[in-house]
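Structure assessment
For reference, the chains in residue letters:
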Amino acid sequence: MANPKRKRCSKCKKKFPATTEFFYREPRVKDGLRCECKSCCCVSDKTRYVANPEQKIASSKAWKAANPEKVAAHQNTWAAAHPEKVKKLHAAFHERHPLYFVWSDMIRRCYKPNCTLYQWYGALGVTVCARWLDPEHGYENFCEDMGPRLSKKYSLSRYLDLGNYEPGNVVWGTKADQAAERRGKNAMKRFHVYRVQQKVTRRKAG
Ligand SMILES: [Zn+2]
């Protein structure tokens with residue numbers, strides 16, 4: 001088509017080729033295009049947004065909730081096209097929520113059997129308290145109870161490496177602290193075994 005049909009914008013009265021390059025689609029209209037040109041639509045959308053941003057935000061939130069696969073597809077293509085920006089966003093997220101991955105890793109090793117550490121935690125019956133598991137406020141509660149981490153050297157350390165992840169049983173400890181605690185636990189075990197043996201020998205003697 002050398003000379004495509006032209007369509008007049010109902011707002012700015014300018015004529016444009018009747019294509020999707022200049023007009024947004026509108027299936028309810030006969031020619032399938034909106035009566036305002038793209039730039040006029042953008043202007044009126046912007047005025048509507050400035051007049052009532054809450055409504056626009058709510059409607060876009062509702063659309064996103066109704067079309068999760070479209071949102072995911074868009075996010076994936078965007079992430080593939082902007083690897084540097086993704087890196088920056090991740091770093092910024094880490095800055096704002098420094099304990100997020102500590103919290104999510106804790107839950108993963110207790111409840112996700114495909115996690116490599118699950119055999120030492122979830123499989124042995126280690127659980128996370130309901131206050132920290134809460135899907136809405138779990139992370140906030142966890143931050144509130146644990147307080148800030150001094151440095152990346154510190155990790156979650158359960159008392160004597162036993163019991164569950166819950167306030168009162170978990171502190172920030174270094175690797176050295178945890179090793180010392182494990183030695184303490186082994187010493188306690190050895191002491192216990194020694195006491196049992198003593199009892200047995202005494203009973204035999206008596
Ligand atoms: Zn126009």
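The rules behind these values
- Residues numbered from 1 in each chain as written.
- Predicted model: local features only at pLDDT ≥ 70, side-chain atom pairs only at ≥ 80, totals over all residues.
- Helix = DSSP H or I, 4+ residues; strand = E, 2+ residues; numbered from the N terminus.
- Buried ≥ 20, exposed ≤ 12 C-beta atoms within 10 Å, placed from the backbone.
- Expected span 1.5 Å × (residues − 1).
- Contact = placed C-beta atoms within 7 Å.
- pLDDT = per-residue confidence, 0-100.

Attention shifts here to the overall build of the chain. Secondary structure assignment for the chain yields eight helices and four strands. Reading the secondary structure of the chain in the N-to-C direction produces β-β-α-α-α-α-α-α-α-β-β-α. Counting every position in the chain, which comprises 206 residues, the buried fraction comes to 6%.

Turning our eyes to something else, we now look at helix α4 (residues 83-96). In this model α4 runs 20 Å from its N-terminal to its C-terminal C-alpha over 14 residues, within 8% of the 20 Å that 1.5 Å per residue would give. Little of α4 is tucked away, with zero of its 14 residues classed as buried.

Even without being a glycine, Lys13 presents a positive backbone phi close to 65 degrees. Among the secondary structure elements, Lys13 is positioned in the loop between β1 (6-8) and β2 (15-17).

This brings us to helix α2 (residues 53-66). Between the first and last C-alpha of α2 there are 20 Å, a value that for 14 residues agrees with the 20 Å anticipated at 1.5 Å per step. With zero of 14 residues buried, α2 is to be regarded as a mostly surface element.

Within the fold, Trp132 resides in helix α6 (residues 130-133). For Trp132, a count of 24 C-beta atoms within 10 Å translates into the label buried. Sequence-distant contacts of Trp132, that is, excluding residues within four places in its chain, are made with Gly138, Asn141, Phe142 and Tyr165.

Put simply, the chain has an average pLDDT of 86, and 88% of its residues get 70 or more. For the chain, helix α8 (residues 175-205) is the element with the lowest average pLDDT, namely 68, and helix α3 (residues 68-81) is the one with the highest, namely 94.

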